[in-house]
Amino acid sequence: MTRSGKLAYSDDLLSAFTAAIIRSYEKHVGGRHYLGRTAIQKLVYFAKTLGVPIPCSFEIYTYGPYSDSVTFSVDSMLADDVLKDISNVPHKYSNYRLGDNADEILNAYKPLIEPYQCVIDDVVQSLGNFEPQQLELVATLHFIHQRLKQILRREPSKEQVLEDFRRIKKDKFGREEVDSFYNALKGAQLI
């Protein structure tokens, strides 16, 4: 528990890193886009895959890589007013920003967050302006590539990744769009 005792549910490292990602989002993206659950899931996913020691695991799910732990963390942060939903239509979508108690967790975990702040900022600056469907696409491609790399114990071919992607996502995304995002991931040396 933090010294102030204001955090009953979200006083943990996953919530602290999630709050740091949202703080970075507010700083670098601001109000240009809404920040919903899908976007938070994908930003946490990429921060973790790029070396931020976020204590959660991801599986492939409806909208790409998904972690129950991240969902639970967001709910806990809402309960503790570390996060607030500023959406005009909360029954349709969420738009998260830091709440009144965000500084409690960010300050308590500052020594653990600081060494990774540059990585967090890079992830947010690179992906923060993406629409949720684009984040779904790029994160799913990355996840499939990483999974195949583990299974095959070598670098998978582009065809293998795209075949697996089409098997999972069916026709949700056009071939040219998928191909373009795959090439962008390759160019950014993320796969």
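Everything that follows concerns the structure shown earlier in this document.
This text gives an overview of the structure that appears in the document. (Residues numbered from 1 in each chain as written. Predicted model: local features only at pLDDT ≥ 70, side-chain atom pairs only at ≥ 80, totals over all residues. Heavy atoms only, no water.)

**Remarks on the environment of R23**
Mapped onto the secondary structure, R23 falls in helix α1 (residues 13-28). Residue R23 is classed as partly exposed on the basis of its relative accessible area of 34%. Each C-alpha atom, one on R23 and one on R154, is 37 Å from the other, the two residues being 131 residues apart in sequence. The residues touching R23, leaving out its near neighbours within four places in the chain, are L98, L106, I113 and Q117. A polar contact of 3.1 Å, which involves the side chain of R23, links it to the side chain of Q117. (Helix = DSSP H or I, 4+ residues; strand = E, 2+ residues; numbered from the N terminus. Buried < 20%, exposed > 50% of the residue type's maximum accessible area, 1.4 Å probe, protein only. Contact = heavy atoms within 4.5 Å. Polar contact = N/O pair within 3.5 Å; in protein donor to acceptor, adjacent residues only side chain to side chain.)

**Some remarks on the pattern of salt bridges**
Counted according to the given criterion, the structure contains 9 salt bridges. K158 is the partner of D179 in a salt bridge, and the nearest nitrogen-oxygen pair spans 2.5 Å. Highlighted residues: D179 in helix α9 (residues 175-187) and K158 in helix α8 (residues 158-169), separated in sequence by 21 residues. You can call D179 partly exposed: its relative accessible area is 28%. Overlapping salt bridges bring together E136, K169 and K172 as one network. (Salt bridge = Lys/Arg side-chain N within 4 Å of Asp/Glu carboxyl O.)

**Remarks on helix α6 (residues 117-127)**
Looking only at α6, the buried set comprises Q117, I120, D121, V123, V124 and L127. Viewed along the axis of α6, the buried residues span an arc of 160°, placing them on a single side of the element. Tucked inside the fold, the buried residues of α6 contact α1, α2 (37-49), α5 (110-113) and α7 (132-152). (Arc of directions from axis to C-beta.)

**Side note on the packing of aromatic side chains**
A complete count under the given rule lists 8 aromatic pairs for this structure. Both rings, one in Y45 and one in F46, keep their centres 5.2 Å apart while their planes meet at 75°; by these two values the pair is edge-to-face. Of the two residues examined, Y45 and F46, each falls in the buried class. Ring centres 5.3 Å apart and planes at 80° place the aromatic pair Y45 and F58 in the edge-to-face group. In this pair, Y45 is assigned in helix α2 and F58 in the loop between α2 and β1 (59-61), connecting sequence segments 13 residues apart. Taking the relative accessible area as the measure of exposure, Y45 reaches 4% and is therefore buried. (Phe/Tyr/Trp six-rings, centres within 6.5 Å; stacked < 30°, edge-to-face > 60°.)

**Digging into the packing of α8 against α9**
One way to put it is that α8 packs onto α9 with a least axis distance of 11 Å and a crossing angle of 130°. Considered as vectors, α8 and α9 are oriented oblique to each other. For the element pair α8 and α9, the recorded crossing hand is right-handed. Residues K158, V161, L162, F165 and R166 of α8 pack against R175, V178, D179, Y182 and N183 of α9. Here the residues of the contact of α8 with α9 are counted per class, giving 5 nonpolar, 1 polar and 4 charged. (Axes fitted to C-alpha atoms, helices over the stretch in contact; angles between N-to-C directions. Parallel < 35°, antiparallel > 145°, perpendicular 65-115°, else oblique. Left-handed = near helix turned anticlockwise from the far one by under 90°. Nonpolar A, V, L, I, M, F, W, Y, C, P; charged D, E, K, R; others polar.)

**Thoughts on the nonpolar core**
Within the largest apolar cluster, 55 residues are counted, with the highest numbers of intra-cluster contacts made by I54 and L141. With near-sequence residues (within four places) excluded, I54 lies in contact with L14, F17, I21, V44, A47 and K48. (Core = buried A, V, L, I, M, F, W, Y, C linked by side-chain atoms within 4.5 Å.)

Remember that the coordinates give geometry; whether it matters functionally is a separate question.
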